[in-house]
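In case you want the letters, here they are:
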Amino acid sequence: MSAQSIYLELRRRLVRAELWPEGRVARIACYLAGLAAVLAVLQGVLGLFAHSWGEHLGGWVSFLTIVAAILFSFLAFGWLKRRILWRLRNRLIVTYVFIGVIPVVLLVLLGVLTIYLFAGQFANFVVTSEIQTRLRSLEAANAAVSNELASHLERGTEPTAESLAGLKKRDHAWGHREVCAWYGQRPLPFCAGLPEAGFAFPDFLSRIPYSKNVGEGRPFGEIVRDKQGFYLRAASVLPVRDQKLTVVTSEPLDKDLLTEVAADLGEITLSDVMASQDTSSSQTASHQPEAPQTQSSPSSKPKAEDNEFVLDLQANGTNLKYNIQGTTSSLSVGTLPPPANGLDSEIQFGTPLPVVNWRTGENVSVGAAVHVRTRPSVLYARLFAALGDFAKGVEAILIGVAIFFALIELIALFTGTRMTRTVTRAVAELHTATRHVDRGDFSHRIPVRSRDQLADLALSFNSMTASIEKLILEQKEKQRLENELAIAQEVQAQLFPRQVSELESLEVHGFCRPARTVSGDYYDFVTASSNKLILAVGDISGKGISAALLMATIHSAVRAYSMEGMPQFREPVGLGAVAGSGRLMATWPEGAEASPAALLALLNHQLYESTPPEKYATLFLGIYDGHSHQLTYSNGGHLPPILIGEQGEIRRLETGGTVIGLFDSLNYDEESVHLNPGEIFLAYSDGVTEPENEFGEFGEERLIDLVRENNHLGLAQISQAVTLALDDWIGDKEQPDDVTLVLARAR
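**Q** Residue-level account of the overall build of the protein, with values.
**A** Each helix and strand counted, the protein has 17 helices and 27 strands in total. The buried share of the protein, reckoned over its 747 residues, is 38%. Restricting the contact set of the protein to residue pairs at least 6 apart, pairs at least 24 apart contribute 64%.

Written out as structure tokens, the structure is:
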């Protein structure tokens, strides 16, 4: 067997197994894999002579291999999906998994995540609520001290440090507290607390408004950052005589306080987030870190980065870590309790603490962060400590409910899988029937063996095949009608004047946009002589093909009756019978000038004789004389055209009569008006003024205002402005009627 035969046979088998790279992505993946293999071989060869070349090619080999592996992964996923999910039974099984199993798994994961977040939030709530409780207690103590000092100053006695000696003896909490007071800007001669403690006068209390509690006679109680440490501080500003008494009570937020808070909870870490914001303070702390008073064993670890050094201090189970670069520092107390069981995993959660910078008074919403490490068993014991054995009973009930739900889920999955056979068999028969239909065989029928929805589907398919041929014939007929309608649209487009021979003293413009494929509106400009122009505007009752045909009839009649060289007429003398025709025809005296009223009477008689009773039209006819600037017109029931002067004054052309084609033997009146230079003739159909939206109709007044505002523009631009405003008024709705607009301007 030749090599070409082996190649063709191998390709045929790979194509049958859908493993031959036929798509663009498959070819790109094979190309990249082959290129990576070639570069790998070249890397090995060049590595023997030049190690640097091997390193450069190694990066390209890795990049091409990763990209090719990603593309092959997509291709493998598509191949497996086609192979596994082609059968409907496999699809249903996967559907059951997505509908019944995955939502349960997601709900379980959501529950676990919710419990984890709730546990973390609860752990942080325990810590922050304890800190807030200490802070409120500190505020109350500071208020009592403030009132006591204020009473001393009111009596004129100077308070001393011995004034608070009794508090230190009676309350052990005052062993960590310090109190400082200022009368005006003068410090009072006492500051009870630790010898090395002390803090500056809080200028910001009187200099800037504080977001919470700053104000005359109102207390201040916040976590503050001062001297690279955190403190619970309460302050009061009281008016005493002609000055203000400022009293500040402070308690360090140190390891002792955190140890009390973290009792039986776990490990608590307090991180200094403001260290990177206060450059000067962070530099001081980075070179002179405050160490605990107890014996400690410092250890230092240099970092690779310049000017960065980490100092770890361990004292009595407390880890104090400082980043000497000045970005963050942390204080950790407590230890993580051992797990109670296999599910008692570790929970870590953090929360920000708002901190006030004591030096500037700035309130930083994320000045510090508390990080808690604990276990669910510890939080569970704290949360349900008051319930006792009842909590264990609730726990057992919940576990039983979870097991019951799991069993129901397994039974539902098994039942759904068993029911797939019924569905897949019916779908297989439907697939076979569709293959017959694809070949054009509409005689194939699906056997019906049951009385369920699948059987009803088979009956519907059998009914569908019987109706397809009929639908195809109807579609062909519809296509033929649409083609004829398109031809009618092209023919009607030729009826509207495409090139207008304007007079020297009159500029004209016309526009018509059908609501459907063809229009029932009509307008025309007919040159009667070198100095006369006939203007015609009409609207046919109804829409669609019938209105378009009647429009073509009127168009032809107007043009035929207004041709040059025909007998001229002024008014009809009478109607006489045309010999042998049985029809009536108007007779006119010789030598008379063309008359719009006579034209309307003649057109009315013709339409009345040749159209059904429900068919009629409105028609305006006007003859403009370029020498005299006179417009002689007659209006057959059409919306009265309007003459708009340069100053905005209007005149309506209403003389005439009723619609044409509805009654026989009608006479129409006519009138002549003089068109002043710059005056605009405006004629329109009801499709311009009657469209509605939530604000009502577009209306004639809005149309007149638009023409007035744009009377300095050309007629085509005025027409465009009107149609744009009309489109904006209609919005997304369908155009309700044909839109026709005829403009003329005297020069």
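So much for the structure itself; the text now carries on.
**Q** Which residues make up the sheet that holds strand E24 (residues 680-684), and what values do they have?
**A** Read from one edge of the open sheet, five strands run E13-E27-E24-E20-E21, paired in antiparallel fashion. Among the strands making up the open sheet, the edge pair consists of strand E13 (506-513) and strand E21 (650-652). When strand polarity is set aside, the average angle formed by the axes of neighbouring strands in this sheet is 15°. Two elements, E24 and strand E27 (residues 739-746), share five bridges in a ladder whose sense is antiparallel.

**Q** Describe helix H11 (residues 420-438), with residues and values.
**A** In a regular helix each residue adds 1.5 Å, so 19 residues correspond to 27 Å; H11 covers 26 Å between its end C-alpha atoms and thus fits that length. Every buried residue belonging to H11 is among Thr420, Thr424, Ala433 and His436, and all of these are buried. Immediately beyond the C-terminal end of H11, within one or two residues, lies Gly440, with a positive phi of roughly 90°.

**Q** If you had to explain the packing of helix H13 (residues 544-561) against helix H14 (residues 596-610) to someone new, which residues and values would you point to?
**A** Their axes nearest at 11 Å, the elements H13 and H14 cross at an angle of 140°. In terms of orientation, H13 and H14 fall into the oblique class. For the pair H13 and H14, the sense of crossing is right-handed. Across the interface between the two elements, Leu550, Thr553, Ile554, Ala557, Val558 and Tyr561 of H13 pack against Leu599, Leu602, Leu603, Gln606 and Leu607 of H14. Looking at the contact of H13 with H14 residue by residue, the classes come out as nine nonpolar, two polar and no charged.

**Q** Can you lay out the pattern of salt bridges for me, pointing to particular residues and giving the numbers?
**A** Counting across every chain of the model gives 15 salt bridges. Between Glu139 and Arg136 there is a salt bridge, and its shortest N-O distance comes to 2.4 Å. Pair noted here: Glu139 and Arg136 are both in helix H4 (residues 88-155), with a separation of three residues, about one helical turn. Looking at Arg136, the relative accessible area reads 36%, which means it is partly exposed. Linking Glu679 and Arg651 is a salt bridge whose minimum nitrogen-to-oxygen distance equals 2.8 Å. Note that Glu679 is positioned in the loop between strand E23 (671-674) and E24 and Arg651 in strand E21, a separation of 28 residues in sequence. Under the relative-accessibility criterion, Arg651 is labelled partly exposed at 32%.

**Q** Can you tell me about the nonpolar core, naming the residues and giving the values?
**A** Judged by nonpolar contacts, the single largest core of 45 residues is most densely connected at Leu506, Leu619 and Phe681. With residues up to four places along the chain from it excluded, the contact list for Phe681 reads Leu535, Phe620, Leu631, Pro641, Ile642, Leu643, Leu653, Val742, Leu743 and Ala744.

**Q** Describe a nonpolar patch on the surface, naming the residues involved and giving the relevant values.
**A** Among the surface-exposed residues, Ile397, Val401, Phe404, Phe405 and Ile408 lie close enough to one another that they form a single nonpolar patch of about 490 Å² accessible area. By the secondary structure assignment, Ile397 is in helix H10 (residues 389-418).

**Q** So what's going on with the packing of helix H16 (residues 700-709) against helix H17 (residues 715-730)? Residues and values would help.
**A** At a minimum axis separation of 9 Å, H16 and H17 run at an interaxial angle of 140°. As judged from the angle between their axes, H16 and H17 are oblique. Note on packing geometry: the crossing formed by H16 with H17 is right-handed. Here Arg702, Leu703, Leu706 and Val707 of H16 lie close against H17, whose contacting residues are Ile718, Val722, Ala725 and Trp729. Considered class by class, the residues forming the contact of H16 with H17 number seven nonpolar, no polar and one charged.

**Q** Let's hear about the pairing of strand E5 (residues 243-252): which residues, and what values?
**A** In regular strands, side chains alternate between the two faces of the sheet. Of all 10 residues in E5, eight are buried, a share of seventy percent or more. For strand E1 (residues 178-183) and E5, the ladder comprises six bridges, and the chain directions are antiparallel. Bridging from a neighbouring strand, Trp182 pairs with Thr246 of E5. Note: strand E4 (residues 229-240) against E5, 10 bridges, orientation antiparallel. From the neighbouring strand, Val237 faces E5, where its bridge partner is Thr246.

**Q** Explain the packing of aromatic side chains to me, and be specific about the residues and the numbers.
**A** Inspection of the entire model under this criterion finds nine aromatic pairs. Between Phe220 and Trp358, the ring centres sit 6.4 Å apart and the planes meet at 50°, which makes this aromatic pair tilted. Of this pair, Phe220 sits in strand E3 (residues 219-226) while Trp358 is found in the loop between strand E11 (347-357) and strand E12 (363-374), placing the two residues 138 residues apart along the sequence. In this structure, Phe220 and Trp358 share a single accessibility class: buried. A ring pair is formed by Phe404 and Phe405, whose centres lie 6.1 Å apart and whose planes are at 45°; its orientation type is tilted. Classification of Phe404 by relative accessible area gives partly exposed; the value is 48%. Aromatic ring contacts, followed pair by pair, group Phe620, Tyr633 and Phe681 into a single cluster. Stacked on the ring of Tyr231, the Lys or Arg Arg233 has its end atom at 4.6 Å from the ring centre. For Arg233, the ring lying beneath its charged end belongs to Trp358, and the centroid distance is 4.7 Å.

**Q** Which residues make up unusual backbone geometry, and what values go with them?
**A** In this structure, Gln228 takes a positive phi of about 60° despite not being glycine. Residue position: Gln228 is located in the loop between E3 and E4. Phi is positive for His629, close to 55°, though the residue is something other than glycine. Positionally, His629 belongs in the loop between strand E18 (617-625) and strand E19 (630-636).

**Q** Provide a residue-level description of the side chain of Ser332, including the pertinent values.
**A** Structurally, Ser332 can be placed in strand E10 (residues 329-333). Taking relative accessible area as the criterion, Ser332 reaches 10% and is therefore assigned buried. A distance of 2.9 Å separates the side chain of Ser332 from the side chain of Thr269, its partner in a polar contact.

**Q** Lay out the pairing of strand E15 (residues 532-540) in plain terms, naming residues and giving numbers.
**A** For E15, the buried fraction is high: eight of the nine residues fall into the buried class. The pairing of strand E14 (residues 521-529) with E15 spans eight bridges and is antiparallel. Within E15, the position partnered with Val526 by the bridge is Ile534. Adjacent in sequence and paired antiparallel, E14 and E15 are bridged by two residues. With nine bridges joining them, E15 and E18 adopt antiparallel strand pairing. Across the sheet, Leu533 pairs through a bridge with Tyr624, a residue of E18.

Rules of the game
- Residues numbered from 1 in each chain as written.
- Predicted model: local features only at pLDDT ≥ 70, side-chain atom pairs only at ≥ 80, totals over all residues.
- Heavy atoms only, no water.
- Helix = DSSP H or I, 4+ residues; strand = E, 2+ residues; numbered from the N terminus.
- Buried < 20%, exposed > 50% of the residue type's maximum accessible area, 1.4 Å probe, protein only.
- Contact = heavy atoms within 4.5 Å.
- Pairing = 2+ DSSP bridges.
- Axes fitted to C-alpha atoms, helices over the stretch in contact; angles between N-to-C directions.
- Expected span 1.5 Å × (residues − 1).
- Parallel < 35°, antiparallel > 145°, perpendicular 65-115°, else oblique.
- Left-handed = near helix turned anticlockwise from the far one by under 90°.
- Nonpolar A, V, L, I, M, F, W, Y, C, P; charged D, E, K, R; others polar.
- Salt bridge = Lys/Arg side-chain N within 4 Å of Asp/Glu carboxyl O.
- Core = buried A, V, L, I, M, F, W, Y, C linked by side-chain atoms within 4.5 Å.
- Patch = residues over 30% accessible without salt bridge, like charges linked within 9 Å, V, L, I, M, F, W, Y side chains within 5 Å.
- Areas by Shrake-Rupley, 256 points an atom, 1.4 Å probe, with all protein chains shown as cover.
- Phe/Tyr/Trp six-rings, centres within 6.5 Å; stacked < 30°, edge-to-face > 60°.
- Lys NZ or Arg CZ within 6 Å of the ring centre and 35° of its normal.
- Polar contact = N/O pair within 3.5 Å; in protein donor to acceptor, adjacent residues only side chain to side chain.

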